[in-house]
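Inside the fold
Residues per chain are reported as follows:
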Amino acid sequence: WGGVELSQACDRAGLRMVLGARVKLQDFAPEWLQITVRDRRGYAALCELLSGTQEGEVEWEEVERLQAKAAGHLWLSCPIRVGHGGNRRIGPFARWRSGWERLAEVDRDNLWLELGWVNAEERLLQRRVFGEWRRHGWKRWVLMSGARHAGGEAGPRRLEVLQSIGTLTRIGQRHPEKLPEGDYGLLPAVAQRRRFVKAPEVLRGTETFAEGCSFDFRYGRLFLPNPLVCKEAGEAEQVASRGRQNRLLAQRCLRGVARRYGALYPWRDKPGRAALRERLRRELGIVAETGYAGYFLVFAEVVDECTRRGIPVLARGSAAGSLICYALGVANVCPFRFGLRFERFLNRERMRHSKLPDIDLDLPYDRREEILHWLYERYGLDKVAMIGGFAHFKARAAVAEVAKAMGLPADEAHAFSKRLPRGSLRRYLDRRDDFVEASGNWSDDRFREAVERALELDGLPRHPMMHPCGMVIADRSLAEFTPTLPSAGGFSMTQLSMDPVEDLGLLKMDLLGQAGLSVLRDCRENLRAEAERLPQHSGADPRDPLSEVDYGDDRIYRMVREGGARGVFHIESPAMTGLLRLCRCADIDCLVATVSVIRPGAANEDKKTRFALRYLGREEPEYAHPVLEEVLRDSYGLLIYEEHILLVAHRFAGMDYGTADLLRRLLVKKGDEEALAELEAVFRASAQKAGREEEEIATVWHELREFSGFMFNKAHGAAYAVEAFHGCWLKYHWPVHFLAAVLNNRRGFYAPLVYVMEILRHGGGFRLPDVQAPAADGYLVREGRVQVPLWQIKGLSVRFRERWARERARAPFHDWRDLRRRCQLGRADAELLARTGALRSFFENRHEAIWEAGRLAVKGGGYGEEDLFAAVEEGQRHARFAPMEARDRARAEAELLGFPVSLPPWAFWMENLERRGTVPVAEVEHYLGREVEIAGLQVSHRLHRGRNGKLMKFVSFADETGMAETVLFSDQYREFGWALAQQEAARVRVLVEPDAAGSGISLTVTAVG
């Protein structure tokens, strides 16, 4: 469904768009019906029809309802085609005549016959049908069209491949759903007229048909939701309430500012109130002009509902820099404290020139759907939908599908495609040497042909999909704008993707599920439950652990710069850990900057190192022009944040904010070099008009041009930095509780084993799963030890877990027999419980538990009918079960839980590793300039392509003292990469060197022991 894109392309080319849909009539002749939109009312009726169809099939009654609702606003036409799969017969003409007559009864004045053949059989067939149509006296209503599916030279080959993939057949193999052979390319106008030179009424009818289609997608306004009226309200009531929205927003903002900053009246009593008042007035004025008041109020409602339900929220993106959002409680960072600018989010010029701004709101990932259901209920099912889109053919999928369509075995096709890079096939084929090295099968003619044919599919839509977080809420039924369809999650979904939805004036809302918020929530709840047992820390009360957060506490920053932030969302990755060490992070502003400077756009040209040197005072800031000092002072003269593009273009070149925002979008997304060249000319002309010298213009433009790719705006970085500091605060004061929350949410950067080792290093311990432990959703800390939940046991059935949770919440189990009876325990689940020690409340050791579990029937809770061991006396049986060795217990735990509990992970996996002569990981920094050997578990791997285009690898090693990241450059990776990949723990020789800023170390692997 690409109607919006088609409309825009037609506008650019000066053409008229004709838009419609072809539907299949069930048990009806003619089988296919073309519905073409004439105006906006017809488009809305067609959207409503398509929203209720399954794969384009409709019933006759639906067509009658459609024409009753939109008679005169739609054209109906009957395409005449030879049947798919080679069926050359049209069937009895009497049946066709009956169908035409029924359609004519519905709306004779809008019923048409389509003519336009793709092969000789269709031409002959259409002549016969045309004669019948004329005999009915309908010759006026005939138009020329045709089934045109393949444009360009590669079109027919692409069509053939796509049909084979869709029908799971080979290329060239016949199938009823494949189009018959024919010319499906686009015909020039001259060729079309030549076809019907002897039937001028067809040409006249075609002109009449086209002239009757006036619909386009230029709605010319926003259709924002209105929280002040009920979901059944009509348009008049919606419009009448818009003035009230502005007044209500202003009132709520005044109350919120008073809550955030203290009493405001009288205004002049305290310094800074004038600036506060001026900014609030300016933001509210722009919101009123752009009609955004209702949008802010909707988000305020969402936040209020989340607060009522105890769900934490975090606004990110440019909206977090708005004083309005801060006052409403949508955002949690003060725009004055962090120097955040409202213009990056919303300005008058942006509304005329660029994409509509939207608010991004993070929710705990496990509570997000709860709020989505509430929004559907609050605003009405017809006015709310998730945003749809399409998955596209990329390298792996395209090659695998084409190879199968060519007849290659499926296992060979998948094995070959897995060796290809992810992403665009065309982009990687441009680097042929790397592609050949990666694929390994380039000498095979079959796979070479598969790749060449897959290029014709690269980037084409593959199947519909739902946007991961975007939704839209309108002030009227969405059927006026887009058809909808059900998604796998049960939510309705637009058939338009994100950009077309916004082009129509429907504003996207992003509600994202975020694990970091879930971790903070779970940690705080666990602390409150344990508050009576926990010691009081200075400035940190476990009953309200974030109430006295001190953003200047150097103890927190020391932990961060020493690499102790593992588990903290946004800043725990090896790359972030290395950058924070490089900068010797000592304040929240540095944390904001580092969260942003590591992004690909900001990280160009060694900007991370330059920022670190300037932050540490080892290099002076440089500015391409004096006017940029005020703009770039917060980043020491470096372009780091998205709004720097706006501010540089505005302050230096005099461009308006809307045009500057277009420049920002092009630099962020890359790719459209033609549009960027046009904006470069605008930038240069505007700068010359502002009196800038040509050399200055060239220098500043070069810096802007190099600052391209994905980047954060400062408000986004500030929101994440504050959240990260909260995580660091909790980890510093209550590390075991915090890390247990990370394990509970299973969303950390590292594998769970890393957090297990962190807990042990902080003096915590673990309790094995236990069927007698209170039913809980996850990891809980009690008296310094973390209780591993039953759901952590790999392979344990959902059926048992649900029954166990229900029964254990009702009462503890009296004995083994009671557990079996109440939970209907089967042998498979019982053996898993026994092997992990979860039955220790009933048995002396695991050998006995495994014996008893093995006696259960495969299903149900009774013993097997033919149990060979049933006759063994109880006393004799108990005497036989010796305790299980610690290593055997740990082996079962590692297999079923992912980590051992009976032994520390390093003792279990590094037992046979020769460690004599190695340096503990935490002490390696003391050997600067030397080569030393370290030994540890490999807990993290990431491949990276260096500046020379060759692959290198980063590997993190952990032992009982700590964790460190090493790098294997391309030569070492080729030599040692395979050997490392075969080991869970390894001994390596590393060269310890200072990092680029001289404030940390880097470890280069030189040998693998």
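Quick summary incoming for the structure in this document. As the structure is a computational prediction, the values presented were derived from the model and not from experiment.

**What about the packing of aromatic side chains?**
- Following the criterion strictly, the structure yields 32 aromatic pairs and no others.
- Where Trp 117 meets Phe 196, the ring centres are 5.5 Å apart and the plane angle is 55°; that geometry is what we call tilted. Linking Trp 117 in the loop between β5 (111-115) and α5 (120-135) with Phe 196 in the loop between α7 (189-195) and α8 (200-211), this pair joins segments that are 79 residues apart in sequence.
- Judged by centre distance (6.0 Å) and plane angle (75°), the ring pair of Phe 712 and Tyr 720 falls under edge-to-face. The exposure classification of Phe 712 matches that of Tyr 720, with both residues buried.
- Through a chain of ring-to-ring contacts, the aromatic side chains of Tyr 43, Phe 215 and Phe 217 assemble into a single cluster.

**Notes on the side chain of Arg 521**
- Inspection of the secondary structure puts Arg 521 in helix α22 (residues 515-530).
- Taking relative accessible area as the criterion, Arg 521 reaches 11% and is therefore assigned buried.
- In this structure, Arg 521 is in contact with Pro 312, Pro 364, Asp 366, Arg 367 and Asn 745, ignoring residues within four places of it in sequence.

**Remarks on the sheet that holds strand β4 (residues 74-79)**
- An order of β3-β1-β2-β4-β5-β6 is seen for the six strands of this open sheet, with the pairing classed as mixed. Each end of this open sheet is capped by a strand with a single partner; those strands are β3 (57-58) and β6 (142-144).
- Of the strand pairs in this sheet, strand β1 (residues 20-25) and strand β2 (residues 32-37) are connected by five bridges, and their pairing is antiparallel. Its bridge partner lying in β2, Ala 21 is registered against Ile 35.
- Strand contacts of helix α2 (residues 40-51): β1, β2, β3 and β4, with the helix running at about 140° to β2, the strand carrying the most contacts.

**Some points on the pairing of β4**
- For β4, a buried count of six out of six residues is recorded, marking the element as mostly surrounded by other parts of the structure.
- Burial of the side chains of β4 extends over both faces: Leu 74, Leu 76 and Cys 78 are buried on one face and Trp 75, Ser 77 and Pro 79 on the other.
- Bridge analysis of β2 against β4 gives four bridges, and the strand direction is antiparallel. Following the sheet pairing, Val 37 is matched in β4 by Leu 74.
- Pairing geometry for β4 and β5, over four bridges, is parallel. Considered in β5, the bridge of Leu 76 is made with Leu 111.

**What about the sheet that holds strand β21 (residues 1001-1008)?**
- Overall, mixed pairing links the five strands, which are arranged β17-β18-β19-β21-β20 in a closed barrel. Across this sheet, the average inter-strand angle for adjacent strands is 55°, counted without regard to direction.
- Examined bridge by bridge, strand β17 (residues 931-945) and strand β20 (residues 985-994) share seven bridges and lie antiparallel to one another. Following the sheet pairing, Leu 937 is matched in β20 by Ala 985.
- In the packing of helix α42 (residues 970-981) onto the sheet, contacts are made with β17, β18 (951-958), β19 (963-968), β20 and β21, and the angle to β19 comes to roughly 120°.

**As for a negative patch on the surface**
- A contiguous patch of negative charge on the surface is contributed by Asp 27, Glu 59, Glu 61, Glu 64, Glu 101 and Glu 105.
- Put simply, the parts of the chain that give the negative patch at least two residues each are α3 (60-70) and α4 (93-107).
- By the secondary structure assignment, Glu 61 is in helix α3.

**Description of the pattern of salt bridges**
- Tallied over the full model, the rule gives 59 salt bridges.
- Two residues, Arg 891 and Asp 888, come together in a salt bridge whose shortest N-O distance is 2.9 Å. Placement of both Arg 891 and Asp 888 in helix α40 (residues 886-897) is noted, with a separation of three residues, approximately one turn of the helix.
- Given a relative accessible area of 36%, Asp 888 falls into the partly exposed group.

**Things to note about unusual backbone geometry**
- Backbone geometry places Arg 584, a non-glycine residue, at a positive phi of 50°.
- As for its position among the elements, Arg 584 is in the loop between α24 (574-583) and α25 (588-597).
- Accessibility expressed as a relative area gives 32% for Arg 584, which makes it partly exposed.
- The residue Tyr 636 is not glycine, and still its phi comes out positive at about 60°.

**A closer look at helix α34 (residues 752-761)**
- Counting buried positions along α34 yields seven of ten residues, so the element is predominantly enclosed.
- Following α34 by one or two positions, Gly 763 has its phi on the positive side, about 85°.

Reading guide: rules and limits
- Residues numbered from 1 in each chain as written.
- Predicted model: local features only at pLDDT ≥ 70, side-chain atom pairs only at ≥ 80, totals over all residues.
- Heavy atoms only, no water.
- Phe/Tyr/Trp six-rings, centres within 6.5 Å; stacked < 30°, edge-to-face > 60°.
- Helix = DSSP H or I, 4+ residues; strand = E, 2+ residues; numbered from the N terminus.
- Buried < 20%, exposed > 50% of the residue type's maximum accessible area, 1.4 Å probe, protein only.
- Contact = heavy atoms within 4.5 Å.
- Pairing = 2+ DSSP bridges.
- Axes fitted to C-alpha atoms, helices over the stretch in contact; angles between N-to-C directions.
- Patch = residues over 30% accessible without salt bridge, like charges linked within 9 Å, V, L, I, M, F, W, Y side chains within 5 Å.
- Areas by Shrake-Rupley, 256 points an atom, 1.4 Å probe, with all protein chains shown as cover.
- Salt bridge = Lys/Arg side-chain N within 4 Å of Asp/Glu carboxyl O.
- Lys, Arg positive; Asp, Glu negative; His and termini not counted.
- Charge placed at Lys NZ, Arg CZ, Asp CG, Glu CD.

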